[in-house]
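Topology and contacts: notes
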Amino acid sequence: MANATDKKSPIGFWASTSEKHSIIEDVQGVVAGSMLAALGVTMLSAAHLMIGGTAGLGFLLRYSVDISFGAAFFLLNLPFYWLAYKRLGLVFTIKTFSAVALTSVLSGLLPKLIGFSTIDPITAALFGGLLIGCGMLVLFRHRASLGGFGILALYLQDHFGWRAGFVQLGLDCVVLILSFFVASPFVIACSVLAALALNLTLAINHRTDRYIVR
């Protein structure tokens, strides 16, 4: 029989185990990952670069029609939540929805709070891609993602053992090919560099057999 102390213990909210994050740890992870990703997006946007995934599609819409990146990114991710719910569960879907929403809001706010008077496109590609990759890495380790292709990449890794970073890299290449219709070759080359920085960060650092906490 559990004693009174056990009944009062806030298991799950504050307490974590070697196999599971606590709720407060997950909240911190989702917020931190979204902040890093939004800062990376801000750097890429300041240099007029793009990236792969639904974020890349968001950039394509931003550069071609009158819509903000945040609004485009949020709307593009809506169709993927059903796959997330059916294949990866309700908790994953809620955390991913929260991360996408927070990243969308922050990507609209940060340009008003942080300004880049001068930013080299290659530097923006390397640091922006790395920041987004680190943000996604944090989210992946808390069983969340930035939606879209990230959901598909995690699903394929969980069910077929395909490395999430390499799956997303292939999908990103498709988006970058589409960017030839709205960007110069130099901008596309820098965008490819950003995609490589992002996906190599994931491919090298995200392995389920090395990190087991859920």
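Because the structure is a prediction, the values reported are computed rather than measured.

As a further point, take unusual backbone geometry. Notably, H48 is not glycine yet its phi reads approximately 60 degrees, a positive angle. Here H48 is to be found in the loop between α2 (23–46) and α3 (53–64). H48 sits in the exposed class, given a relative accessible area of 53%.

The subject of this paragraph is the UniProt feature "transmembrane region" (unreviewed entry) in the protein chain. With numbering aligned to this structure, UniProt lists the feature "transmembrane region" (unreviewed entry) at residues 30–51, 63–83, 90–110, 122–140 and 186–204. Helix makes up 100% of residues 90–110 and strand 0%, and the two end C-alpha atoms of the span are 30 Å apart. Helix makes up 100% of residues 186–204 and strand 0%, and the two end C-alpha atoms of the span are 27 Å apart.

Moving on: the packing of helix α9 (residues 164–178) against helix α10 (residues 185–205). In contact at an axis separation of 9 Å, α9 and α10 are set at 165 degrees when each is read in the N-to-C sense. Considering the angle they form, α9 stands roughly antiparallel to α10. Seen from above, α9 lies across α10 with right-handed handedness. Contacts from G165, F166, Q168, L169, D172 and L176 of α9 reach α10 at I188, S191, V192, A195, L196, N199, L202 and A203. Looking at the contact of α9 with α10, its residues break down into 9 nonpolar, 4 polar and 1 charged.

For the rest of this paragraph, the subject is the side chain of T96. Note that T96 resides in helix α6 (residues 90–113). Overall, the relative accessible area of 0% leaves T96 in the buried class. Setting aside chain neighbours within four positions, we find T96 in contact with Y81, A144, S145, G147 and I151.

Taken as a whole and judged by the stated rule, the model has 7 aromatic pairs. Geometrically, the ring pair formed by F74 and F97 is edge-to-face, given 5.7 Å between the ring centres and 70 degrees between the ring planes. Pair noted here: F74 is in helix α4 (residues 69–77) and F97 is in helix α6, with a separation of 23 residues, a long-range link. Residue class for F74 comes out partly exposed when judged on its relative accessible area of 25%.

We now examine the layout of surface pockets. The space that makes up the second largest pocket amounts to roughly 230 Å³. In terms of lining, the second largest pocket is formed by 14 residues, of which the most central are T42, S45, R62, S107 and P111. Broken down by secondary-structure element, the contributors of at least two residues to the lining of the second largest pocket are α2, α4 and α6. Counting residues per element, the lining of the second largest pocket draws most heavily on α2, which supplies 4 residues. Of the residues belonging to the lining of the second largest pocket, the class tally is 6 nonpolar, 7 polar and 1 charged.

Summarising the element assignment, S34 is placed in helix α2. S34 has contacts with A99, L102, T103, L106 and L139, leaving out every residue within four places of it along the chain.

One pass over the structure, following the stated rule, counts 2 cavities of 30 Å³ or more. Taken as a whole, the largest cavity spans an internal volume of roughly 160 Å³. Around the largest cavity sit 19 residues that line it, and G52, A55, M136, L146 and Q168 are the ones nearest its centre. For the lining of the largest cavity, the leading source of residues is α3, giving 3 residues.

What follows covers the environment of T123. Here T123 lies in helix α7 (residues 121–141). Here T123 falls in the partly exposed class, since its relative accessible area comes to 35%.

Here P79 shows up in the loop between α4 and α5 (80–88). Using a relative accessible area of 61% as the deciding quantity, one classes P79 as exposed.

Conventions used here
- Residues numbered from 1 in each chain as written.
- Predicted model: local features only at pLDDT ≥ 70, side-chain atom pairs only at ≥ 80, totals over all residues.
- Heavy atoms only, no water.
- Helix = DSSP H or I, 4+ residues; strand = E, 2+ residues; numbered from the N terminus.
- Buried < 20%, exposed > 50% of the residue type's maximum accessible area, 1.4 Å probe, protein only.
- UniProt positions renumbered as here; feature names shortened; annotations may be inferred.
- Axes fitted to C-alpha atoms, helices over the stretch in contact; angles between N-to-C directions.
- Parallel < 35°, antiparallel > 145°, perpendicular 65-115°, else oblique.
- Left-handed = near helix turned anticlockwise from the far one by under 90°.
- Contact = heavy atoms within 4.5 Å.
- Nonpolar A, V, L, I, M, F, W, Y, C, P; charged D, E, K, R; others polar.
- Phe/Tyr/Trp six-rings, centres within 6.5 Å; stacked < 30°, edge-to-face > 60°.
- 1 Å grid on protein atoms, 1.4 Å probe; cavity = no way out; pocket = protein on both sides within 12 Å on 5 of 7 lines; lining within 4 Å.
- Points joined across faces, edges and corners; volume = space filled by probe spheres on them.

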